[in-house]
Amino acid sequence: MMNVDKDKCIGCGLCVKDCFVRDIELIDGKAKINNMTCFKCGHCIAICPKGAVYTDEYSMEDVEEYNKEEFEIDADNLLNFIKFRRTIRQFKNKDVETEKLSKIIEAGRFTQTGSNSQNVSYIVVREGIDKLKEIALESLNGLGENILSNLNPQMMPFKRYAQMWVNMYKNYKLNPNGKEQLFFNAPAIVLVVSDSPVNAALASSNMELMTNALGLGTFFSGFFVRAAQGNKKIMDYLELGEGKEIVTCMVIGYPDVKYSRTTPRKIAEISWK
Ligand SMILES: Cc1cc2nc3c(=O)[nH]c(=O)nc-3n(C[C@H](O)[C@H](O)[C@H](O)COP(=O)(O)O)c2cc1C
């Protein structure tokens, strides 16, 4: 429930005006939240100049008062930060602190979701990384062999990956603790899970920025996501229930590589109407 402390409410109507689902009205000069159509977006909490709105739905300890110094980022710096972000595939042999992983997940938790569904969850893999690697490489090997033995024109674009997956598994079998190209020997993985690919991808993007802000590096393992699709062994190992989909796999560690500049990109295709 969203509630209004009537002693604090000054009846300014800002919450009424900002409520997307029109669930708030002013009665006798005080805001009244009907909690009928409310989808708990918290705009009423955020906008109230008197801090009169509260909820028992979530922890009010999440709510922080705005102050410019701590809440603003210079636009040019932000753009540079985005440009300088790189996929990291070389990691130091150093663990990632639990506090840093929690902060990365906080960046996901506070990312917007459609209809405020907040239907994104996270699986952190550290100790289990070797086991996960083994079953994921097994899965990719199976997928690769299947593609290579059924090569038709439709499958041709995947041939390169199929060969790579088979080789990755072969190398792993020869030397299970050697250099590998699935998780690149990183110490931590965060799997972002949701039944909404958009919500999970938006969360992942903010998480990636947080990863970099913490001095860590990451890459998204599309290979792992492919290996996990419909793979019972991986789903069972991760104890993932029916209908839950791994949308992204963030491989995280301390970078063992330094970049000196940004990279070029295709010109954006934009049409201004
Ligand atoms: C959805 C997605 C899946 C990816 N999968 C892999 C992967 O399985 N292995 C890998 O080494 N890099 C993977 N990447 C990294 C891309 O290859 C990389 O983002 C791209 O080459 C551009 O490099 P940059 O991230 O440094 O700008 C993936 C990236 C995205 C966004």
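In this text, all values refer to a predicted model and were calculated from it rather than measured experimentally. (Residues numbered from 1 in each chain as written. Predicted model: local features only at pLDDT ≥ 70, side-chain atom pairs only at ≥ 80, totals over all residues. Heavy atoms only, no water.)

Caption draft 1: Structural detail: the overall build of the protein chain. A tally of helices and strands in the protein chain yields 10 helices and eight strands. For 273 residues, the compact-globule formula gives about 19 Å, and the C-alpha radius of gyration of the protein chain, at 23 Å, lies well above that figure. By its C-alpha atoms, the protein chain is 75 × 45 × 45 Å across when sized along the principal axes. Sorting the 273 residues of the protein chain into buried and exposed places 38% on the buried side. Counting only contacts in the protein chain whose residues sit at least 6 apart along the sequence, the fraction spanning at least 24 positions is 75%. Surface summary for the protein chain: the accessible area is close to 17,500 Å², and the carbon and sulfur share equals 52%. Of the side chains in the protein chain, 35 bear a positive and 35 a negative charge, and the two mean positions are spaced by 9 Å. (Helix = DSSP H or I, 4+ residues; strand = E, 2+ residues; numbered from the N terminus. Rg over C-alpha atoms; globule rule 2.2 N^0.38 Å. Buried < 20%, exposed > 50% of the residue type's maximum accessible area, 1.4 Å probe, protein only. Contact = heavy atoms within 4.5 Å. Areas by Shrake-Rupley, 256 points an atom, 1.4 Å probe, with all protein chains shown as cover. Lys, Arg positive; Asp, Glu negative; His and termini not counted. Charge placed at Lys NZ, Arg CZ, Asp CG, Glu CD.)

Caption draft 2: Spotlight on a nonpolar patch on the surface. On the surface, I73, L78, L79, F81 and I82 cluster together into a nonpolar patch covering about 440 Å² of accessible area. Of note, I73 is situated in the loop between α3 (68-71) and α4 (75-84). (Patch = residues over 30% accessible without salt bridge, like charges linked within 9 Å, V, L, I, M, F, W, Y side chains within 5 Å. Salt bridge = Lys/Arg side-chain N within 4 Å of Asp/Glu carboxyl O.)

Caption draft 3: Just the site of the ligand, in detail. In the vicinity of the ligand, the residues found are R85, R86, T87, R89, F184, F219, F220, S221, G222, F223 and R265. One nitrogen or oxygen atom from the side chain of T87 is found 2.5 Å from an oxygen atom belonging to the ligand. In this structure, F223 approaches the ligand through a main-chain N or O atom, which is 3.0 Å from an oxygen atom. The protein chains hide 58% of the 620 Å² of surface that the ligand would expose on its own. Along the lines of polarity and charge, the residues of the shell around the ligand split into four nonpolar, three polar and four charged. (Near = heavy atom within 4 Å. Polar contact = N/O pair within 3.5 Å; in protein donor to acceptor, adjacent residues only side chain to side chain. Nonpolar A, V, L, I, M, F, W, Y, C, P; charged D, E, K, R; others polar.)

Caption draft 4: Quick peek at the sheet that holds strand β5 (residues 120-125). Pairing is antiparallel across the open sheet formed by four strands, whose spatial order is β5-β6-β8-β7. A strand with exactly one partner marks an edge of an open sheet, and here the two such strands are β5 and β7 (217-220). Averaged over all adjacent pairs, the angle separating strand axes in this sheet is 25°, with direction ignored. Note: β7 against strand β8 (residues 245-253), four bridges, orientation antiparallel. Directly across from T218, in β8, lies its bridge partner I252. (Pairing = 2+ DSSP bridges. Axes fitted to C-alpha atoms, helices over the stretch in contact; angles between N-to-C directions.)

Caption draft 5: Highlighting the nonpolar core. F183, L191, F224, I234, L238 and I246 are the most contacted members of the largest nonpolar core, which totals 36 residues. Of all the secondary structure elements, the ones that give two or more residues to this core are β5, α6 (129-149), α7 (159-174), β6 (188-194), α9 (222-228), α10 (232-238) and β8. For this core, the element with the highest residue contribution is α6, accounting for seven residues. Among residues more than four places away in sequence, those in contact with I246 are L191, V192, V193, F224, V225, A228, M235, L238 and L240. Ranked by size, the runner-up nonpolar core spans 17 residues in total, among them L101, I105, M207 and I252. (Core = buried A, V, L, I, M, F, W, Y, C linked by side-chain atoms within 4.5 Å.)

Caption draft 6: How the structure looks around the side chain of S204. In this fold, S204 is placed in helix α8 (residues 197-213). At 2.8 Å, the side chain of S204 forms a polar contact with the side chain of T248. When residues no more than four places from it in sequence are discounted, the contact partners of S204 are V192, F220, T248 and M250.

Caption draft 7: Region of the structure containing the pattern of salt bridges. Counting across every chain of the model gives nine salt bridges. A salt bridge links K68 to E72; the shortest N-O distance between them is 3.1 Å. For E180, the salt bridge goes to K133, with nearest N and O atoms at 3.5 Å. With E180 in the loop between α7 and β6 and K133 in helix α6, the pair connects residues that are 47 residues apart, well separated along the chain. With respect to class, E180 is no different from K133; both count as buried. Through salt bridges with shared partners, one network takes in D62, E106 and R109.

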